[in-house]
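What follows is the residue order along each chain.
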Amino acid sequence: MQYRQLGASDLRVSEISLGSWLTYGVGVERDRARACLDRAFELGVNFIDTANVYGRGAAEEFLGEALSGRPRDSYVLATKLFFPMSDTDRGLSRAQVEKQLDASLRRLRTDHVDLYQCHRYDPDAPLDETMEALTRAVESGKVRYLGFSEWSPKNIRDALALPGARFVSSQPQYSLFWRRPEKEVIPLCAANGISQIVWSPLAQGVLTGKYRPGSPPPSDSRAASQEMGGFMERLTRPEVLDAVEKLRPIVAEAACSMAQFALAWVLREPNVASAIVGASRPEQLDDNVGASGLEIDPALFARAEEVAASALRVEA
Ligand SMILES: NC(=O)c1ccc[n+]([C@@H]2O[C@H](COP(=O)([O-])OP(=O)(O)OC[C@H]3O[C@@H](n4cnc5c(N)ncnc54)[C@H](OP(=O)(O)O)[C@@H]3O)[C@@H](O)[C@H]2O)c1
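What you see is a predicted model; the values in this text were computed from it and never measured.

Q: Just to check I follow, could you spell out the overall build of the protein chain for this structure?
A: Secondary structure summary: the protein chain contains 10 helices and 10 strands in total. Against the globule reference of 20 Å for 316 residues, the protein chain gives a C-alpha radius of gyration of 19 Å, in line with a compact fold. Principal axes of the C-alpha set define a box for the protein chain whose edges measure 55 × 40 × 35 Å. Taking as baseline every contact in the protein chain between residues at least 6 positions apart, the subset at least 24 positions apart corresponds to 79%.

Q: It is not clear to me how the site of the ligand should be interpreted in this structure. Could you clarify?
A: What surrounds the ligand is a group of 29 residues, the closest being Gly-19, Trp-199, Leu-202, Gly-205 and Gly-278. Looking at the shell around the ligand, the elements with two or more residues in it are strand 10 (272–277) and helix 9 (282–289). The element contributing the most residues to the shell around the ligand is helix 9, with 3 residues. Across the shell around the ligand, the residue classes tally to 9 nonpolar, 15 polar and 5 charged.

Q: Whenever I open this one, the sheet that holds strand 4 (residues 47–49) confuses me. Can you help?
A: Two strands in a sheet stick together by hydrogen bonds in their backbones, pointing the same way (parallel) or opposite ways (antiparallel). Taken in spatial order, the 8 strands line up as 3-4-5-6-7-8-9-10 and close into a barrel, and their pairing is parallel. Neighbouring strand axes in the sheet, compared pairwise and without regard to direction, differ in orientation by 30° on average.

Q: What exactly am I supposed to notice about the packing of helix 3 (residues 94–108) against helix 4 (residues 127–139) here?
A: Think of two packed helices as two axes; the pair is described by the angle between the axes and how far apart they sit. Where helix 3 contacts helix 4, the two axes come as close as 8 Å, and the packing angle between them is 35°. Considering only the axes of helix 3 and helix 4, their crossing is right-handed. In contact with Arg-94, Val-97, Glu-98 and Leu-101 of helix 3, helix 4 contributes Glu-129, Thr-130, Glu-132, Ala-133, Leu-134 and Ala-137. A per-class count over the contact of helix 3 with helix 4 returns 5 nonpolar, 1 polar and 4 charged.

Q: Just to check I follow, could you spell out unusual backbone geometry for this structure?
A: Negative phi characterises most residues that are not glycine, and trans characterises most peptide bonds. Located in the positive-phi region is Glu-150, a residue other than glycine, with phi close to 60°. Following the sequence through the fold, Glu-150 ends up in the loop between strand 7 (143–148) and helix 5 (153–160). Classification of Glu-150 as partly exposed rests on a count of 18 C-beta atoms within 10 Å. With a phi angle near 55°, Ala-255 is a residue other than glycine that sits in the positive phi range.

Q: Is there a simple way to explain the nonpolar core in this structure?
A: Side chains of a nonpolar character, in soluble globular proteins, are inclined to be buried together. Counting residues in each nonpolar core, the largest one holds 97 residues, and the members touching the most others are Leu-207, Ala-262, Leu-263, Val-266 and Ala-275. Per element, the largest residue contribution to this core is 9 residues, and it comes from helix 8 (residues 258–267). Sequence-distant contacts of Ala-275, that is, excluding residues within four places in its chain, are made with Glu-15, Ile-16, Val-198, Pro-201, Leu-263, Val-266 and Leu-267.

Q: Please clarify how the environment of Asn-46 should be interpreted in this entry.
A: Mapped onto the elements of the fold, Asn-46 is located in the loop between helix 1 (30–42) and strand 4. Look at Asn-46 and you get partly exposed, because 19 C-beta atoms sit within 10 Å. Between the C-alpha atoms of Asn-46 and Met-131, which are 85 residues apart in sequence, the distance is 27 Å.

Q: What is the right way to read helix 8 from this model?
A: Along helix 8, 10 of the 10 residues are buried, which leaves the element largely enclosed by surrounding structure. When helix 8 is considered as a whole, its buried residues turn out to be Met-258, Ala-259, Gln-260, Phe-261, Ala-262, Leu-263, Ala-264, Trp-265, Val-266 and Leu-267.

Q: Just checking my understanding: could you explain the pairing of strand 10 for this structure?
A: Two faces make up the sheet, and in a regular strand the side chains alternate between them. Of all 6 residues in strand 10, 6 are buried, a share of seventy percent or more. Note: strand 3 (residues 16–19) against strand 10, 3 bridges, orientation parallel. Its bridge partner being in strand 10, Ser-17 is matched across the sheet by Ile-276. As judged from the 4 bridges shared by strand 9 (residues 195–199) and strand 10, these two strands associate in the parallel manner. The partner of Ile-197 across the bridge, within strand 10, is Ser-274.

Q: Before we go on, may I ask you to explain the pairing of strand 8 (residues 167–170) in this structure?
A: Pairing of strand 7 with strand 8, which is carried by 3 bridges, proceeds in the parallel orientation. By the bridge assignment for strand 8, Phe-148 is matched with Ser-170. Handedness of the crossover joining strand 7 and strand 8 through helix 5: right-handed. Strand direction decides the pairing type here: strand 8 and strand 9, joined by 2 bridges, are parallel. Bridge pairing in strand 9 places Ser-170 opposite Gln-196. In terms of handedness, the path from strand 8 via helix 6 (residues 185–190) over to strand 9 forms a crossover that is right-handed.

Q: Looking at this model, I keep getting lost on helix 9. Mind explaining?
A: One turn of the α-helix equals 3.6 residues, which is why residues spaced by three or four share an orientation. Every buried residue of helix 9 is accounted for by Leu-285, Asn-288 and Val-289. Angular distribution of buried residues about the axis of helix 9 spans 90°; they occupy a single face of the element. Buried residues along helix 9 sit against strand 3, helix 1, helix 8 and strand 10.

Q: Please clarify how the environment of Glu-139 should be interpreted in this entry.
A: Examined against the element boundaries, Glu-139 turns out to sit in helix 4. Overall, the presence of 11 C-beta atoms within 10 Å leaves Glu-139 in the exposed class. A sequence separation of 25 residues divides Glu-139 from Gly-164, and the C-alpha atoms of the two residues are 9.9 Å apart.

Cut-offs used in this document
Residues numbered from 1 in each chain as written. Predicted model: local features only at pLDDT ≥ 70, side-chain atom pairs only at ≥ 80, totals over all residues. Helix = DSSP H or I, 4+ residues; strand = E, 2+ residues; numbered from the N terminus. Rg over C-alpha atoms; globule rule 2.2 N^0.38 Å. Contact = placed C-beta atoms within 7 Å. Near = placed C-beta within 6 Å. Nonpolar A, V, L, I, M, F, W, Y, C, P; charged D, E, K, R; others polar. Pairing = 2+ DSSP bridges. Axes fitted to C-alpha atoms, helices over the stretch in contact; angles between N-to-C directions. Left-handed = near helix turned anticlockwise from the far one by under 90°. Buried ≥ 20, exposed ≤ 12 C-beta atoms within 10 Å, placed from the backbone. Core = buried A, V, L, I, M, F, W, Y, C linked by C-beta atoms within 7 Å. Right-handed = clockwise from strand over helix to strand, strands pointing away. Arc of directions from axis to C-beta.

The following block contains the structure:
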């Protein structure tokens, strides 16, 4: 496993990291979730991403228990706040930053998180109030560094103009099928000591080639799952699955797996510090971690980008 510096922080994170959206504490049963986490560590993953809202606290609770036997300085732990935790608890106000951070620390059974992320921008909370509260969280030692997820270039610029603690990470969706961050977010972040840690780099599994056009999704896959499959409609359209079929011969020339090709493509961007994958089985991590350090001919990436772009044009 290779490691990259996370923005202007002293954190070094594994190029492949493990996330917990939909999976741990929710759709993947406990022993299997535990096996995934253990395998990730064996393979050199040192970076775990979660959020208070994943399973409304259940993912953090799972991780709190599963991580409790490991030295706290042997992994980098990231969580987030913003989305509703109850009818009245949501957003990035001072009161919510304080309340949600303490609740996350309790569930995670730790006295600090390495990265605390604003899961979205909150138009209802004054940005200077949010940044002051986050800065105090850093000064208190409960948080080491700050990040945001899916903020617009204007949101990012506004935050950079304020005094106090600075963001070191941005968490956008990024994959061969979702390249929006390239235009503005990545250059802006690269110029300001902010790395990308990207979500759904495998397009929720679609880029692994497991979904075939015209066939029902495999019964053990996310798309077939009642609990986990609710966000995959866009990604399992025929034109997208046809494009994945066209990627196969390109990936064959690269002599790696489909998943490794898709992750290596994300990691070709130097501003990406880590690709956050989900895993429902330990073997998926063996496959995915193989992307770290993989050298792939840029000409193959260029061909893959053309194929993916054609699917997106059809979709648009
Ligand atoms: N900031 C945000 O708003 C946001 C949003 C979404 C996610 N995230 C973060 O990003 C993380 C990753 O998102 P994601 O789970 O959508 O990522 P992903 O890596 O694109 O998809 C993960 C899913 O694909 C399948 N898979 C993974 N590796 C595979 C392999 N080698 N072969 C076959 N199937 C494989 C598994 O599902 P099955 O086996 O069940 O098919 C797995 O759960 C989340 O856990 C979360 O931490 C953040």
